Amino acid sequence: MPIIPQYTLTYFNLMGRAEPIRLIFAQARVNYKDHRIERSEWPALKEKMPFSQLPVLEMDGKVLAQSHAIEKFLARMFGLDGKDDWESAKIDECVMGLEDLLQKMVPWFRETDEVKKIEIFKKLVSDEINPFLERYQKFLVDNGSGYFVGTDLTYADLSLFNTLHFMNTKLLPGHLKNYSRLNEFVDKIAALPNIKAWLETRPKTDH
Ligand SMILES: N[C@@H](CCC(=O)N[C@@H](CS)C(=O)NCC(=O)O)C(=O)O
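These numbers come from a predicted model, not from an experiment.

The rules we used
Residues numbered from 1 in each chain as written. Predicted model: local features only at pLDDT ≥ 70, side-chain atom pairs only at ≥ 80, totals over all residues. Heavy atoms only, no water. Helix = DSSP H or I, 4+ residues; strand = E, 2+ residues; numbered from the N terminus. Rg over C-alpha atoms; globule rule 2.2 N^0.38 Å. Buried < 20%, exposed > 50% of the residue type's maximum accessible area, 1.4 Å probe, protein only. Contact = heavy atoms within 4.5 Å. UniProt positions renumbered as here; feature names shortened; annotations may be inferred. Near = heavy atom within 4 Å. Polar contact = N/O pair within 3.5 Å; in protein donor to acceptor, adjacent residues only side chain to side chain. Areas by Shrake-Rupley, 256 points an atom, 1.4 Å probe, with all protein chains shown as cover. 1 Å grid on protein atoms, 1.4 Å probe; cavity = no way out; pocket = protein on both sides within 12 Å on 5 of 7 lines; lining within 4 Å. Sits in = over half its atoms within 2 Å of the grid points. Nonpolar A, V, L, I, M, F, W, Y, C, P; charged D, E, K, R; others polar.

Visitor: I would appreciate a short explanation of the overall build of the protein in the present structure.
Guide: Within the protein, the secondary structure is distributed over nine helices and four strands. Listed by position from the N terminus, the elements making up the protein come as β-α-β-α-β-β-α-α-α-α-α-α-α. Expected size for 207 residues packed as a compact globule is a radius of gyration near 17 Å; at 17 Å, the protein falls within 12% of this value. The dimensions of the protein, computed from C-alpha atoms along their principal axes, are 50 × 45 × 30 Å. Here the protein, with 207 residues, has 44% of them falling under the buried criterion. Counting contacts in the protein only where the partners sit at least 6 residues apart, residues at least 24 apart contribute 68% of the total.

Below you can see the structure in the form of C-alpha cells.
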C-alpha cells in the first residue's frame, strides 16, 4: 500500500499568500488540513516558524516555509509544474513577475491615512496594475494555448487566476472587462470543476 503523506497548511484566516497553495490542493483533489490560526495565537507560534512568517506546510513532520517554495513543491508532485525544465522555468518567470506586482502593492496595503491610501491606489492602478495586465494578457495570447505556459494547466495559471479573480471581484470590480482575454481566462479557470467547488466552499474572507 502506498503511504499517503499527511499535509497541514498553516496560515491566517485570509486568502493572502496561502490561497495559491490551497488552489493547487483543490485542483489536485488532495486532502490537507487547512489550519487557519487566530491572530492571538500568532505571537507564540511565530518564534517556532523557520522564517517567523506564514504560510508553512508540514508534511509528515517535515516543515517547509516560503509560499513559492511550497507551491512549487506541491505542483511538482501533483503534475502542475509543466512538462519539462523549460516549462518549469517559464512558470517561475510568471510567478516571480506576479510577486513583483504584489511587492509594489505593499505600501498601499500598509497605508493607514485614507486620503493618502486613495492617492497611492490611483497611482498603483495606472503605473503598475494596468501595465501588468497588458503584459500578462500578451503572455497569454502569445502562448496560444489558453494557458500561461505550455499546453496544459499549471500552477502559474492558478497563481495568476488567484490574483486576477481577486482584482476583478474585490479590488477593482469589473476591471478585467478592459482585458478581454484575461477575463475569459479567469472565467475558464473558475469553471474548472475542482476549482469551482473550492470557490463555492472556501471560507469567505476580505483578502
Ligand atoms: N516570502 C514569504 C513572505 C511571508 C509573509 O510575508 N508572511 C506574512 C503574512 S502574508 C506574515 O507571516 N506576517 C506576520 C509576521 O510577519 O509576523 C512567503 O512568500 O512565504
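Having seen the structure, we can now continue with the description.
Visitor: I would appreciate a short explanation of unusual backbone geometry in the present structure.
Guide: Peptide bonds are mostly trans, and most non-glycine residues show a negative phi. Following L54, the chain continues to P55 via a peptide bond in cis, the omega torsion being 10°. Looking at the element boundaries, P55 is found in the loop between α2 (42-46) and β3 (56-59). Of note, S52 is a non-glycine position whose phi angle comes to about 55°, a positive value. Relative to the helices and strands, S52 is located in the loop between α2 and β3. Within the chain, D60 stands out as a residue other than glycine whose phi angle is a positive 50°. Assignment of secondary structure puts D60 in the loop between β3 and β4 (62-65).

Visitor: What am I meant to see in the UniProt feature "domain: GST C-terminal" (unreviewed entry) in the protein here?
Guide: In the numbering used here, UniProt assigns the "domain: GST C-terminal" (unreviewed entry) feature to residues 84-207. Between the end C-alpha atoms of residues 84-207 the distance is 33 Å, and the span holds 74% helix and 0% strand.

Visitor: I keep staring at the site of the ligand and nothing clicks. Help me out?
Guide: Every residue close to the ligand is listed here: Y11, F12, R17, W42, K46, Q53, L54, P55, Q66 and S67. Within the side chain of R17, one N or O atom sits 3.1 Å away from an oxygen atom of the ligand. Between K46 and the ligand, the recorded distance is 2.7 Å, taken from a side-chain N or O atom to an oxygen atom. The fraction of the free accessible surface of the ligand (510 Å²) that becomes covered by protein chains is 71%. Assessed atom by atom at 2 Å from the grid points, the ligand resides in the largest pocket. At the level of elements, β1 (7-12) and α2 are the ones that each hand at least two residues to the shell around the ligand. Considered class by class, the residues forming the shell around the ligand number five nonpolar, three polar and two charged.

Visitor: Please explain the UniProt feature "domain: GST N-terminal" (unreviewed entry) in the protein as it appears in this structure.
Guide: Here, UniProt's "domain: GST N-terminal" (unreviewed entry) annotation points to residues 5-82. Secondary structure content for residues 5-82 is 33% helix and 24% strand, and the end C-alpha separation is 22 Å.

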